[in-house]
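Residue-level structure breakdown
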Amino acid sequence: MKWIAGCLMLLGLAALDPVYDPARDLAAIAKTGPQGEGSAAARVARDEMAKHGVEVLPQLLVAMDTSNAVAANWYRTAYEEIVARELARDGTKWPVEFFKEFVSDAKRVGKPRRLVLSLLDKLEPAFRERWTPTRLDDAEFRYEAIGLALAAGDRALKNKDEAVAKAEFRRAFDAARDSTQVTQAGAKLKSLGESADTITHLGLVVDWWLVGPFDAPQKTGFAKVFEPETKVDLQAKYRGQAGEIDWKRYHEADTLGQLDLNKQLGTTREAVGYAYSEIDVPREQAAQVRCGADDNCSVWLNSEKVFGRDQWLNGTRFDRFITPIQLKAGRNTLLVKVCQGPQHKDPEVPNNWSLQLRLCDEQGRGIEFKPALP
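Cut-offs applied
- Residues numbered from 1 in each chain as written.
- Predicted model: local features only at pLDDT ≥ 70, side-chain atom pairs only at ≥ 80, totals over all residues.
- Heavy atoms only, no water.
- Helix = DSSP H or I, 4+ residues; strand = E, 2+ residues; numbered from the N terminus.
- Buried < 20%, exposed > 50% of the residue type's maximum accessible area, 1.4 Å probe, protein only.
- Contact = heavy atoms within 4.5 Å.
- Areas by Shrake-Rupley, 256 points an atom, 1.4 Å probe, with all protein chains shown as cover.
- Lys, Arg positive; Asp, Glu negative; His and termini not counted.
- Charge placed at Lys NZ, Arg CZ, Asp CG, Glu CD.
- Expected span 1.5 Å × (residues − 1).
- Arc of directions from axis to C-beta.
- 1 Å grid on protein atoms, 1.4 Å probe; cavity = no way out; pocket = protein on both sides within 12 Å on 5 of 7 lines; lining within 4 Å.
- Points joined across faces, edges and corners; volume = space filled by probe spheres on them.
- Nonpolar A, V, L, I, M, F, W, Y, C, P; charged D, E, K, R; others polar.
- Phe/Tyr/Trp six-rings, centres within 6.5 Å; stacked < 30°, edge-to-face > 60°.
- Salt bridge = Lys/Arg side-chain N within 4 Å of Asp/Glu carboxyl O.
- Disulfide = S-S within 2.5 Å.

**Looking at the overall build of the protein chain**
Looking only at helices and strands, one finds 14 helices and 13 strands in the protein chain. Across its three principal axes, the protein chain shows a C-alpha extent of roughly 110 × 60 × 45 Å. Going through the 374 residues of the protein chain one by one, you find that 45% of them count as buried. Taking as baseline every contact in the protein chain between residues at least 6 positions apart, the subset at least 24 positions apart corresponds to 72%. Surface summary for the protein chain: the accessible area is close to 19800 Å², and the carbon and sulfur share equals 52%. Taken together, the 52 basic and 54 acidic charged side chains of the protein chain have centroids lying 1 Å from each other.

**Points about helix H3 (residues 39-50)**
A rise of 1.5 Å per residue sets the reference length of H3, with its 12 residues, at 16 Å; its end C-alpha atoms lie 16 Å apart and thus fit the reference within 8%. Restricting attention to buried positions, one finds in H3 the residues Ala42, Ala45, Arg46, Met49 and Ala50. Angular distribution of buried residues about the axis of H3 spans 130°; they occupy a single face of the element. Relative to its buried face, H3 has exposed residues pointing more than 90 degrees away, namely Ala40 and Val44.

**Considerations on the side chain of Thr323**
Along the polypeptide, Thr323 turns up in strand S10 (residues 321-327). Once residues lying within four places of it in the same chain are set aside, the contact partners of Thr323 are Ala287, Gln288, Val289, Val306 and Phe307.

**A look at the layout of surface pockets**
In this structure, the largest pocket encloses a volume near 180 Å³. At the level of secondary structure, the elements contributing two or more residues to the lining of the largest pocket comprise helix H5 (69-87) and helix H7 (110-123). Take the lining of the largest pocket: its biggest share by element is 4 residues, from H5. Of the residues contributing to the lining of the largest pocket, the split by class is 6 nonpolar, 2 polar and 2 charged.

**Points about unusual backbone geometry**
Following Gly212, the chain continues into Pro213 via a peptide bond in cis, with omega recorded as 0°. One can find Pro213 in strand S1 (residues 207-215). In this structure, the amide linkage connecting Asp294 to the following residue, Asp295, adopts the cis form with an omega of 20°. If you trace the backbone, Asp295 turns up in the loop between strand S7 (285-294) and strand S8 (296-301). In this structure, Gln35 takes a positive phi of about 55° despite not being glycine. Of note, Gln35 is situated in the loop between helix H2 (23-30) and H3. Positive phi outside glycine occurs at Gln218, with the angle close to 55°. Inspection of the secondary structure assignment puts Gln218 in the loop between S1 and helix H13 (227-230).

**Description of the packing of aromatic side chains**
In this structure the tally under the stated criterion is 10 aromatic pairs. Geometrically, the ring pair formed by Phe214 and Phe226 is tilted, given 5.0 Å between the ring centres and 40° between the ring planes. Taken as a pair, Phe214 in strand S1 and Phe226 in the loop between S1 and H13 lie far apart in primary sequence, 12 residues in all. On the basis of relative accessibility, which here comes to 1%, the residue Phe214 falls in the buried class. Of the residues examined, Phe226 reaches a relative accessible area of 8% and is grouped as buried. Taken together, Trp94, Phe98, Phe99 and Phe102 form an aromatic cluster joined through their ring pairs.

**Brief notes about the pattern of salt bridges**
When their charged atoms lie close together, side chains carrying opposite charge are able to pair. Counted by the stated rule, this structure contains 27 salt bridges. Two residues, Lys166 and Glu162, come together in a salt bridge whose shortest N-O distance is 3.4 Å. One end of the pair, Lys166, and the other, Glu162, are both in helix H10 (residues 162-175), 4 residues apart, so they sit about a helical turn from each other. Owing to a relative accessible area of 24%, Lys166 belongs among the partly exposed residues under this scheme.

**What to know about helix H4 (residues 57-64)**
Note that an α-helix has 3.6 residues per turn; residues three or four places apart therefore point the same way. Looking only at H4, the buried set comprises Leu57, Leu60, Leu61, Ala63 and Met64. Down the axis of H4, the buried set is contained in an arc of 160°. They therefore lie on one face.

**Some words on the state of the cysteines**
In total, this model carries 0 disulfides according to the counting rule given. Cys297 supplies the cysteine sulfur nearest to Cys291, a cysteine that is in no disulfide, at a spacing of 3.8 Å. Among the cysteines around Cys360, which has no disulfide bond, Cys291 carries the closest sulfur, lying 11 Å off.

**So, the environment of Gly33**
Its location among the elements puts Gly33 in the loop between H2 and H3. Residue class for Gly33 comes out buried when judged on its relative accessible area of 7%. Between the C-alpha atoms of Gly33 and Gln181, which are 148 residues apart in sequence, the distance is 38 Å.

Written as structure tokens, this is what we have:
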């Protein structure tokens, strides 16, 4: 009887202490938001979760794959506390295979993947070295992978193995989305007699009709509507800032497609210029227009305004602005308005007037199109 009673007591204790399931605490944290919304419940849940061991890390990491930045921060603090405690102990059985699968899933959010990779550096130091070169198509780790491919190409050149060098530089060029890496890889390929079309790779628009300058005192140009916005007539003549102006055909030869409108339309200030292009696209598709202008720009696609930013003195940084668009199959038209403001109060600052625009997918690879200007 005493044995039976003892067993019942143990069973009772087990029932009072079930295996911990973090799902409820994860859900409580997921309800947090800005201005401290749900923070009291989140702290209780976080503290409870942080008491447990590595067995909760898989579910915790999956929860960290969220666009809720507040919740992600709560999850991260629990993750870091558990990891720090377990690293200080001997004999912890880490879910290493899960970590490798998680960090290799390119569809997941980047920050938790980087946390896991840093942990794997401690658990299996050789993993990063053999894993990173495989991430050429991984948006989060692509930059590092391409850097390694470029370095491998340089080593091959040093060892006079031109075939391997070409292969590594080609791998880097084809996978690159960062403008600096694209131009680096392209230059190395060209130095070895290989082709590398940076303009096409990045989807840069370099064939334009240009007209300007239209007079726009102070910073009135962004809001003021000039004739090309209502109708593009490449045969038209307009009243410009200093006389009659008309459209001029222009092809930009810059490696990254940056137009210097001071050179093409004349050095000026407090003015507006327009750039017009037509392209043929093989199929209807979602894309992005990525642009930058000094001082600012507005963009019309097929006569519909898709972008405009009333922001001055911001410079023509590569991919400064990114806007989703929908291209139709066949002919598409692009009209860009570029404003030029007053001279900077510091006379040493140049009064740049420039434009750079490209069409790409959401990963930054140029879409396929052909210039179709008359």
